[in-house]
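Tertiary structure, described
Okay, here's what each chain looks like letter by letter:
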Amino acid sequence: MTINLTVSPSFPNERITDWYIFNTWLQRALNLPIHLELYDSFGAQRAAIAAGKVDLIYANPFDASLLVREKGFQAIARPEGQPDEMVIVTAADHPANEIPDLKPGTRVACSEDPCVNTVGRILLEPANLGTDNTVELRRETYIQVARAIMRGEADVGFLPVEAFEALSSLVKRDLRILVTSQLHVIHHVFLVGPALHERAEEIAALLTGMHETEKGRGILEALGAHRWQAVHQEDVEFMIDIISTLTQ
Amino acid sequence: MKDMDRAQIPGEATEYTQTYADGTQRRVFVTGVETPYPHGKLIVSRTDTAGIITECNQSFVDMSGYTEAEIIGQPHCLLRHPDMPAAAFRDLWETVKAGRQWNGYVKNLRKDGGHYWVYATVVPNVRNGNIVGYTSVRREPSRENVASAEEQYRSLS
């Protein structure tokens, strides 16, 4: 039986190789054939989840909610520290200095990232802006979101903090952060599907001990993490409760 | 719940005696000073099924003015402002006890007698089909919606 692993498309492109290296490490440690499938869009990944083509996943918080509550996945670990935060950025010379300065008709550039978009929408609420009085411009990548602002096509853009920080200094020079989320309560998690529940404890132990070897530490660092931290079912249930308050 | 300590309230304050759903009373002091909601943050807390606070985040602590030790174990009405109509909280509890989500604008009372406005969402924590507690998440409201809520609550009080 081949096991399918996937990763939320929210990670930076330069880490694609590192996820393949992680997959090789995991296969060897578990002595199990694992196929890594990296989807280039959130929609394609959701379709794969719906079709039962995913057994292991490093999921964004919103997909994690769906997988735990509706698909019987079990959350076992998350990177230590690193809650998911996002920024709303504008052009450096845009007249708005803070969110309440934004007016109805504001053009919002965003990717398909459900987590970033939901939090971004919440952070626009103090300006009384919603989907009914803004213009949403969907872009395929975070860099395209940044470009839409720089070209004057959009007034503001939604980006994960990590993606904003990865922009070149030249691009960042032309952008300005209006607000940074400080939610601290939602984060990506590593989930095990029903087909692997019997081995969930073993996989959790492998991940949480990964930083103890030089090789494991190297892979983690390449993925932008220091170590995996165990996640208990109640931790993830609590996160899902919080997410449910954000998505109504 | 202990009465508020007048000595800890800076400046002029108005005294109120609040009566809660369980019949208990508390003396509170209100200054009218508003603390702005911190941009980008969420205020999160959990209670047990009786509304006793079991967990809160740092934003809750910072905005309420209490220490975490003073908050945990207290009923959630610790933050109730006298300008909030009792009907709003009745509706909140009836809604979440029925297993549904509640949303609304809430004026919260700080330890120093000041206040802060939030847009609050409360959800029941359902585990194995049973409600085991409630999670409340507050976020920054628009001033326009706060003004509407103030007007509505004045008419209900």
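A brief report on the enclosed structure follows. Counting restarts for each chain: residues are numbered from 1 in the order of the written sequence. All chains are assigned letters beginning with A, and all ligands numbers beginning with 1, in the order in which they are written. Local features in a predicted model are, by the rule used here, given only for residues with pLDDT of at least 70; side-chain atom pairs are given and counted only at 80 or more, and totals for whole chains, interfaces and linings are based on all residues. Water and hydrogen atoms play no part in the side-chain values, which are based on all heavy atoms of the structure.

Overview of the overall build of chain A
- Secondary structure elements are defined from DSSP: runs of H or I of at least 4 residues count as helices, runs of E of at least 2 residues count as strands, and each element is numbered from the N terminus. In terms of helices and strands, chain A carries 10 helices and 11 strands.
- Here the C-alpha radius of gyration of chain A, 19 Å, is about what a compact globule of 248 residues would show, namely 18 Å.
- Each principal axis of the C-alpha distribution contributes one length, and for chain A these read about 55 × 35 × 30 Å.
- Throughout this description, buried means an accessible area under 20% of the type-specific maximum (1.4 Å probe, protein chains only), exposed means over 50%, and partly exposed covers the range between. Burial analysis of chain A (248 residues in total) assigns 54% to the buried set.
- By definition in these notes, contact holds between two residues if any of their heavy atoms fall within 4.5 Å. Of all intrachain contacts in chain A linking residues separated by at least 6 positions in sequence, the fraction that spans at least 24 positions is 78%.
- In the form shown here, chain A has an accessible surface area of approximately 10,900 Å², with 49% of it arising from carbon and sulfur atoms. When we talk radius of gyration, it's over C-alpha atoms, and the globule rule is simply 2.2 Å times the number of residues to the 0.38. Note on areas: Shrake-Rupley, 1.4 Å probe, and residue coverage restricted to the protein chains presented here.

Re the interface of chain B and chain A
- Each side of the interface is counted separately: chain B has 24 residues, and chain A has 22 residues.
- Here, a salt bridge means any Lys or Arg side-chain nitrogen found within 4 Å of an Asp or Glu carboxyl oxygen. Summed over the shared surface of chain B and chain A, the number is five salt bridges.
- Notably, a salt bridge pairs Arg127(B) with Glu234(A), separated by 2.8 Å at the nearest N-O pair.
- In protein, a polar contact means a hydrogen-donor-capable atom and an acceptor-capable atom, both N or O and within 3.5 Å, with residues adjacent in sequence counting only if both atoms are side-chain atoms; elsewhere, any N or O pair within 3.5 Å suffices. Here chain B is connected to chain A by 10 residue pairs in polar contact (both at pLDDT 80 or more).
- Only strand E3 (43-47), strand E6 (115-127), strand E7 (130-139) and helix H4 (143-156) of chain B provide two or more residues apiece to the side of chain B that touches chain A.
- Here the side of chain B that touches chain A takes six residues from E6(B), the largest share from any one element.
- Put simply, Ala, Val, Leu, Ile, Met, Phe, Trp, Tyr, Cys and Pro go in the nonpolar bin, Asp, Glu, Lys and Arg in the charged bin, and everything else, Gly too, in the polar bin. Here the side of chain B that touches chain A is composed, by residue class, of seven nonpolar, nine polar and eight charged.

Some words on the packing of aromatic side chains
- Aromatic contacts are taken between Phe, Tyr and Trp rings whose centres are within 6.5 Å, Trp giving its six-membered ring; a plane angle under 30 degrees counts as stacked, one over 60 as edge-to-face, and the others as tilted. For the structure on display, the rule yields 10 aromatic pairs over all chains.
- Residues Tyr58(A) and Trp228(A) carry aromatic rings whose centres are separated by 5.6 Å and whose planes lie at 85° to one another, so their mutual orientation is edge-to-face. With Tyr58(A) in strand E3 (residues 56-59) and Trp228(A) in strand E11 (residues 228-230), this pair connects stretches of sequence that are 170 residues apart.
- Among the residues examined, Tyr58(A) registers a relative accessible area of 12% and is labelled buried.
- For Trp228(A), a relative accessible area of 4% puts it in the buried group.
- In textbook terms, an aromatic cluster arises when at least three aromatic residues are bridged by ring pairs, as seen for Trp19(A), Phe22(A), Trp25(A), Tyr58(A), Phe190(A) and Trp228(A).
- A ring has a charge above it when a Lys NZ or an Arg CZ is no more than 6 Å from the ring centre and no more than 35 degrees off the ring normal. Above the plane of the ring of Phe164(A) lies Lys172(A), whose end atom (NZ or CZ) is 5.9 Å from the centre.
- Cation over ring: Arg6(B) sits above Phe29(B), and NZ or CZ is 5.8 Å from the ring centre.

Observations regarding helix H1 (residues 16-30) of chain A
Residue and element names in this part refer to chain A.
- One less than the residue count of a helix, multiplied by 1.5 Å, gives the span that helix is expected to have. Between its first and last C-alpha atoms H1 spans 21 Å; for 15 residues at 1.5 Å apiece the expected length is 21 Å, and the two agree.
- Taken together, the buried positions of H1 are occupied by Asp18, Trp19, Phe22, Asn23, Trp25, Leu26 and Leu30. Burial along H1 is one-sided: seen end-on, the buried residues are contained in an arc of 165°. Counted as exposed and oriented over 90 degrees from the buried face of H1: Thr17 and Arg28. Think of the arc as the fan of directions from the helix axis to the C-beta atoms.

Quick look at the layout of surface pockets
Residue and element names in this part refer to chain A.
- Space inside the largest pocket adds up to approximately 1,200 Å³.
- Taken together, 48 residues line the largest pocket, and the ones lying closest to its centre are Pro9, Ser10, Phe11, Pro12 and Tyr142.
- Of the residues forming the lining of the largest pocket, the biggest block, four residues, is contributed by helix H6 (residues 161-166).
- When its volume is computed, the second largest pocket comes out at roughly 790 Å³. Both site types are read off a 1 Å grid over the protein atoms alone. A 1.4 Å probe that fits but cannot get out defines a cavity, while an open set with protein on both sides within 12 Å along at least five of seven lines defines a pocket; lining residues have an atom within 4 Å of a point. Grid points are joined across faces, edges and corners, and a volume is the space filled by probe spheres set on the points.

A look at the pattern of salt bridges
- Taken as a whole, this structure holds 23 salt bridges over all chains when the rule is applied.
- Between Glu162(A) and Arg15(A) there is a salt bridge, and its shortest N-O distance comes to 2.8 Å. You can see Glu162(A) sitting in helix H6 and its partner Arg15(A) sitting in the loop between strand E1 (3-7) and H1, a full 147 residues away along the chain.
- We note a salt bridge from Arg173(A) to Asp174(A), for which the minimum N-O separation is 4.0 Å.
- Look at Arg173(A) and you get exposed, because its relative accessible area is 58%.
- Through salt bridges with shared partners, a single ionic network connects Arg69(A), Glu234(A), Glu237(A), Asp241(A), Arg46(B), Glu55(B) and Arg127(B).

What to know about the packing of H1(A) against helix H9 (residues 214-222) of chain A
All names here are of chain A.
- Angles shown run from 0 to 180 degrees and are taken between the N-to-C directions of axes, each axis being a line fitted to C-alpha atoms and, for helices, limited to the stretch in contact. Remark: H1 packs on H9, axes separated minimally by 9 Å, with the N-to-C direction vectors making an angle of 150°. In the crossing of H1 with H9, the sense of the turn from one axis to the other is left-handed. Counting all contacts with H1, which are made through Asp18, Ile21, Phe22, Trp25 and Arg28, the residues of H9 involved are Lys215, Ile219 and Ala222.
- A class-by-class count of the residues in the contact of H1 with H9 yields five nonpolar, no polar and three charged. Note on convention: the crossing is left-handed when the near helix lies turned anticlockwise from the far helix by less than a right angle, right-handed when the turn is clockwise.

Topic: the nonpolar core
Residue and element names in this part refer to chain A.
- Definition used in this section: a nonpolar core is a set of buried Ala, Val, Leu, Ile, Met, Phe, Trp, Tyr and Cys residues joined via side-chain atoms within 4.5 Å. One finds Ile88, Leu102, Ile186 and Leu191 to be the most contacted residues of the largest nonpolar core, which totals 47 residues.
- Looking at which element gives the most residues to this core, the answer is helix H10 (residues 233-246), with seven residues.
- Apart from residues no more than four positions distant in its own chain, Leu102 is found in contact with His94, Ala96, Leu124, Ala127, Leu129, Val156 and Leu178.
- Core analysis: the next-biggest nonpolar cluster, separate from the first, contains 29 residues, Leu5, Ala77, Ile203 and Ile219 among them.

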